[in-house]
Amino acid sequence: MVATTACQTTAQVEAQTVEFMAMDTFINLAIYSQDDTVLQEAKDYVLTLEGLISTTVESSELYQLNQTGEGVLSFESAQILSRGLELCQQTEGALDISIYPVVRSWGFTTGDYQIPQPDVLQTLVRQVDYQAIQLEGDTVTLAEGMELDLGSIAKGYAGDQIADMVEASGVTSGLLTLGGNIQAIGTKPTGELWRVGIQDPTGDAPLGVVEVDNRAVVTSGGYERYFVGDDGETYWHIIDPETGYPAKAGLISVTIVAESGAYSDALSTALFVMGLEEAVDYWRSHQDFDFILMTEAGELYVSDGLEDKFSLLEGYQEIYPLTVISKEP
Ligand code: AMP
Ligand code: MG
């Protein structure tokens, strides 16, 4: 399901677009340019990246690495892994790319959902530790039993790479949609800001709009992939690496707005795990991104950098009370 949707725009120049399914999601790349060859290159790039880092395609480098625990990676795989490791460190393990065995035990990789036995989960969680991933140049070694999952950053990383690619070809306006990841290149051709819809976790419609230029807008939501267990509880795909259980720190949706797509993607997942208070502390000590957080109770918290950029759509002001968070506690 698409978590963040790009709003329609009334631009004078026709957009060149390419649409396809990859990385488990719907992808739409739109650029304002006479030349569409770069779009084909961008699509090829996404498919190549997916072929390298898919956890389920047997020929992928990541699949092979997960099977054998060691490997020599291609430049692209080593780059994304190295970026992933940096982001795990920066979020002090709220993001942990060695979470894969836990994600699989819940059935999130196949859709064969189940609640794992607590002792099974405990054993798997003990092996989750990004610090035990050794990457030296292009050579990687995993600890015993460890398997990696780059799903929390791959779409954002791809967005960064495509943005660089199309900008290098001279494009100054475009909107890249990779599932819940939006990457805005420049402004609309008219010079106006791009309007990106933020999905209502309880439905398919956007609840509000954030206006951006040259930014990634990335959402992680508990409503994106989940199941209801026999116990009536909802279990979603964002896991707390400390417990192995779906992260229930009080948030239902986290949107990050920042320059880098990979950074935004990492933080949308990590801040979901942290919960409101820790997420706000994290923002105050970094200040290189903005956020829109929604709690399970339906309260919205928006960082002050978005105060003039985010607005609730008609009818939503009454439903979701909004608090602006300032840099000073
Ligand atoms: P996202 O949609 O970007 O929030 O990423 C969620 C995906 O990343 C899940 O489907 C899992 O494959 C994986 N994942 C879940 N929890 C974590 C976590 N705490 N750290 C890293 N990856 C995770
Ligand atoms: Mg993410």
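Since the structure is predicted, the reported quantities are computational estimates derived from the model, not experimental observations. (Residues numbered from 1 in each chain as written. Chains lettered and ligands numbered in written order. Predicted model: local features only at pLDDT ≥ 70, side-chain atom pairs only at ≥ 80, totals over all residues. Heavy atoms only, no water.)

Here's the deal with the coordination of the magnesium ion (ligand 2)
Here comes step 1: For the magnesium ion (ligand 2), the protein coordination sphere consists of Ser152 (O), Asp265 (O), Asp265 (OD) and Thr269 (OG1), at 2.1 to 2.5 Å.
Here comes step 2: Each donor residue of the magnesium ion (ligand 2) lies on the same chain, and together they follow the pattern S-x112-D-x3-T. Note that Ser152 is positioned in the loop between strand E6 (139-141) and helix H6 (154-168) and Asp265 in helix H7 (residues 261-274), a separation of 113 residues in sequence.
Here comes step 3: Note on Asp265: relative accessible area 5%, which makes it buried. (Donors = N, O, S within 2.8 Å, 3.2 Å for Na, K, Ca; no water. Helix = DSSP H or I, 4+ residues; strand = E, 2+ residues; numbered from the N terminus. Buried < 20%, exposed > 50% of the residue type's maximum accessible area, 1.4 Å probe, protein only.)

What about the site of ligand 1?
Here comes step 1: Around ligand 1 there are 16 residues in total, and Asp149, Ser220, Ile239, Asp265 and Thr269 lie nearest to it.
Here comes step 2: Here an oxygen atom of ligand 1 sits 3.3 Å away from a polar atom, N or O, in the main chain of Ser152.
Here comes step 3: Residue Ile239 places a main-chain N or O atom 2.8 Å away from a nitrogen atom belonging to ligand 1.
Here comes step 4: Burial of ligand 1 by the protein chains amounts to 92% of its free accessible area of 500 Å².
Here comes step 5: In terms of residue count, the dominant contributor to the shell around ligand 1 is H7 (three residues).
Here comes step 6: When grouped by side-chain class, the residues that make up the shell around ligand 1 number eight nonpolar, five polar and three charged. (Near = heavy atom within 4 Å. Polar contact = N/O pair within 3.5 Å; in protein donor to acceptor, adjacent residues only side chain to side chain. Areas by Shrake-Rupley, 256 points an atom, 1.4 Å probe, with all protein chains shown as cover. Nonpolar A, V, L, I, M, F, W, Y, C, P; charged D, E, K, R; others polar.)

Quick look at helix H3 (residues 75-90)
Here comes step 1: With 16 residues, H3 extends 23 Å from end C-alpha to end C-alpha; this agrees with the ideal 22 Å at 1.5 Å per step.
Here comes step 2: Buried residues in H3 make contact with helix H1 (37-53), helix H2 (61-68), strand E5 (134-136), E6, H6 and H7.
Here comes step 3: A positive phi of about 50° marks Glu92, the residue just after H3. (Expected span 1.5 Å × (residues − 1). Contact = heavy atoms within 4.5 Å.)

Quick notes on the nonpolar core
Here comes step 1: One finds Val210, Phe289 and Phe310 to be the most contacted residues of the largest nonpolar core, which totals 92 residues.
Here comes step 2: The dominant element in this core, judged by the number of residues it contributes, is H7, at nine residues.
Here comes step 3: Filtering out sequence-adjacent residues up to four positions away, Phe289 remains in contact with Ile256, Val257, Ala258, Tyr263, Leu267, Leu271, Tyr282 and Trp283.
Here comes step 4: In this structure, Val102, Leu124, Val128 and Phe227 belong to the second largest nonpolar core, which totals twelve residues. (Core = buried A, V, L, I, M, F, W, Y, C linked by side-chain atoms within 4.5 Å.)

Remarks on the packing of aromatic side chains
Here comes step 1: Here the structure, examined in full by the defined rule, presents 13 aromatic pairs.
Here comes step 2: Look at Trp236 and Phe272: their rings are 5.7 Å apart centre to centre, the planes differ by 90°, and that puts the pair in the edge-to-face class. With Trp236 in strand E13 (residues 234-236) and Phe272 in helix H7, this pair connects stretches of sequence that are 36 residues apart. When sorted by exposure, Trp236 lands in the same class as Phe272, which is buried.
Here comes step 3: The interplanar angle of 10° and the centroid separation of 6.1 Å between the aromatic rings of Tyr316 and Tyr320 together place this pair among those described as stacked. As far as burial versus exposure is concerned, Tyr316 and Tyr320 are alike and both buried. (Phe/Tyr/Trp six-rings, centres within 6.5 Å; stacked < 30°, edge-to-face > 60°.)

A look at the pattern of salt bridges
Here comes step 1: The full count for this structure, using the stated rule, is six salt bridges.
Here comes step 2: Across the pair Glu86 and Arg83 runs a salt bridge whose closest N-O atoms are separated by 3.0 Å. Taken together, the residues Glu86 and Arg83, both in helix H3 and three residues apart, mark about one turn of the helix.
Here comes step 3: Under the relative-accessibility criterion, Glu86 is labelled partly exposed at 39%.
Here comes step 4: Here Arg83 falls in the partly exposed class, since its relative accessible area comes to 23%.
Here comes step 5: One salt bridge connects Glu147 with Arg104, and the closest N-O pair in it is separated by 2.6 Å. Of this pair, Glu147 sits in the loop between E6 and H6 while Arg104 sits in helix H4 (residues 100-105), placing them 43 residues apart in sequence.
Here comes step 6: Of the residues examined, Arg104 reaches a relative accessible area of 36% and is grouped as partly exposed. (Salt bridge = Lys/Arg side-chain N within 4 Å of Asp/Glu carboxyl O.)

Describing the sheet that holds strand E4 (residues 70-72)
Here comes step 1: Strand order in the open sheet formed by three strands is E4-E6-E5, with antiparallel pairing between adjacent strands. Bordering the open sheet on either side are E4 and E5, each of which pairs with just one other strand. The mean inter-strand angle of the sheet, taken between neighbouring strand axes irrespective of direction, is 10°.
Here comes step 2: As paired elements, E5 and E6 share three bridges and run antiparallel to each other. Within E6, the residue paired with Leu135 across the bridge is Val140. (Pairing = 2+ DSSP bridges. Axes fitted to C-alpha atoms, helices over the stretch in contact; angles between N-to-C directions.)

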